[in-house]
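So you can see what is in the structure, the chains are spelled out below.
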Amino acid sequence: MAAKFTRRQIVNGVLLGGAAVSVALATRRYPGEIKSIHDITDALNYGLHDLMLSGQPRVREFTRNDLVLDFPTSGVTAPRDERYQSMRENNFADYRLLVDGLVDNPMSLSLDELRALPAQSQITMHTCDEGWSAIGEWKGVPLAQLLSRAGVQDSARYVVFHCMDTQFNDKPYYESIDLFAASHPQTLLAYDLNGEPVPQKNGAPLRLRIETQIGYKHAKFVERVELVDNLLTIGDGRGGWWEDYDNAIWYAGL
Ligand SMILES: Nc1nc2c(c(=O)[nH]1)N[C@H]1C(S)=C(S)[C@@H](COP(=O)(O)O)O[C@H]1N2
Ligand SMILES: [Mo]
């Protein structure tokens, strides 16, 4: 005898099937290891945001009247690393930004070379998950522009930002984003804040602005941009210092 299903059972079946497929697709694309419900919801959130942001809409920009003049800080404000301190004493004359990994033309750029590239400015709101937000004017090089100069190879999927500050657990800060977020038109490597070189406390001489994501993704004191095909071999493998240290979610969309 053929089984008979009510309309409700069929609808429920289709919904359940759809949910299972979405979970399967989202978790397959997700770079981290899926070990808990928390990781599954993170993966789903990531998949959904990519869909919603597929046209790369810009985040809101503000006016100079909205600026917070002394931009707050979070995390490391003065790297204790000797190498950083001596670079800073020398006004970052010896600083080089390295762009390497899965690229055709690895680059090493001084601050003057970075400043000579076409620049972009934006007045945006930073949101830290500790519960504060602040508006600043950031100027720098669009990340997409740097990446296109470096020639990203087909196998690359993520951009890792290596920082010059060692954290209190003796591990260096790092963060990572996918190539989609990296190519957002407001994703910048910023060297100026409110018309002045980025102060030490806010990540001198160069920090990431990833306006579609929350505070801890905005790596400060960046010295290396590495293109990779997976995140498992970087740090402890969860894609960032906070992710490794405190299980912070890797995809930190606002
Ligand atoms: N290298 C490095 N980047 C970092 C941090 C850090 O401690 N070290 N803290 C993060 C956090 S939690 C936030 S909210 C922002 C704060 O940036 P700000 O200090 O300029 O406000 O930087 C992020 N980037
Ligand atoms: Mo933060």
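Just so it is clear, the model here is predicted, and its values are computed rather than measured.

Cut-offs applied
Every chain begins its residue count from 1, and numbering advances along the sequence as written. Chains and ligands are labelled sequentially in the order written, the chains with letters from A and the ligands with numbers from 1. The model is predicted, so local features are restricted to residues of pLDDT at least 70 and side-chain atom pairs to those at 80 or more, both for listing and for counting; the totals for chains, interfaces and linings are taken over all residues. With hydrogens and water set aside, each side-chain value is computed from the structure's full complement of heavy atoms. Counting from the N terminus, the helices are DSSP H or I runs at least four residues long and the strands are E runs at least two residues long. Think of it in three bands: with a 1.4 Å probe and only protein chains considered, a residue is buried below 20% of the maximum accessible area for its type, exposed above 50%, and partly exposed in between. Working rule for contacts: check all heavy atoms of both residues, and any pair within 4.5 Å makes them a contact. A molecule or strand has a residue near it when one of that residue's heavy atoms lies within 4 Å. The term polar contact refers here to a pair of N or O atoms within 3.5 Å; inside protein, the definition further demands a hydrogen-donor-capable atom paired with an acceptor-capable atom, and it admits residues adjacent in sequence only when both atoms are side-chain atoms. All accessible areas in this document rest on Shrake-Rupley with a 1.4 Å probe, and a residue is counted as covered only by the protein chains that are shown. A fitted line through C-alpha atoms represents every axis, and for helices the fit uses only the stretch in contact; the resulting angles, taken between N-to-C directions, go from 0 to 180 degrees. If an angle is under 35 degrees, it is roughly parallel; if it is over 145, roughly antiparallel; if it lies from 65 to 115, roughly perpendicular; otherwise it is oblique. Residue polarity follows a fixed list, in which Ala, Val, Leu, Ile, Met, Phe, Trp, Tyr, Cys and Pro are nonpolar, Asp, Glu, Lys and Arg are charged, and the others, Gly among them, are polar. Boundaries of every domain are those given by an automatic assignment or by a domain database. Salt bridge criterion: a side-chain nitrogen from Lys or Arg within 4 Å of a carboxyl oxygen from Asp or Glu.

Following the sequence through the fold, threonine 187 ends up in the loop between α6 (179-182) and β7 (188-193). Overall, threonine 187 belongs to the buried group, its relative accessible area being 0%. Look past the residues within four positions of threonine 187 in its chain and what remains in contact with it is Val141, Pro142, Leu143, Ile177, Ala181, Ala182, Leu208, Arg209 and Ile210.

Here the focus is the site of ligand 1. Residues in contact with ligand 1 amount to 23 residues; listed here are only the nearest, Pro72, Val76, Asp165, Asn202 and Lys220. Contact between ligand 1 and serine 74: an oxygen atom at 3.0 Å from a main-chain N or O atom of the residue. In this structure, aspartate 165 approaches ligand 1 through a side-chain N or O atom, which is 2.7 Å from a nitrogen atom. Taking 530 Å² as the accessible area of ligand 1 by itself, protein coverage stands at 99%.

What follows is about the environment of serine 121. Mapped onto the elements of the fold, serine 121 is located in strand β3 (residues 120-128). Along the chain, serine 121 and leucine 69 lie 52 residues apart, while their C-alpha atoms are 16 Å from each other. Discounting residues that sit within four places of it in the chain, serine 121 has contacts with Glu61, Glu137, Trp138 and Lys139.

Next up on the list: the packing of helix α1 (residues 7-29) against helix α2 (residues 37-52). Two elements in contact, α1 and α2, have axes whose closest approach is 8 Å; the angle formed by their N-to-C orientations is 90°. As far as their axial angle goes, α2 and α1 are roughly perpendicular. Mapping the contact onto sequence places Ser22, Val23, Ala26, Thr27 and Arg29 in α1 and Ile40, Ala43, Leu44, Tyr46, Gly47 and Asp50 in α2. In the contact of α1 with α2, the residues fall into six nonpolar, three polar and two charged.

Domain assignment breaks the chain into domain 1 (1-52) and domain 2 (58-246). With centres defined by C-alpha atoms, the gap from domain 1 to domain 2 works out at 34 Å. Contacts between the two partners involve seven residues from domain 1 and, on the opposite side, seven residues from domain 2. Counting across the interface, domain 1 meets domain 2 through one salt bridge. A salt bridge links arginine 238 to aspartate 39; the nearest nitrogen and oxygen atoms lie 3.7 Å apart. Per element, the largest residue contribution to the side of domain 1 that touches domain 2 is three residues, and it comes from α2. Residues of the side of domain 1 that touches domain 2, tallied by class, amount to two nonpolar, no polar and five charged.

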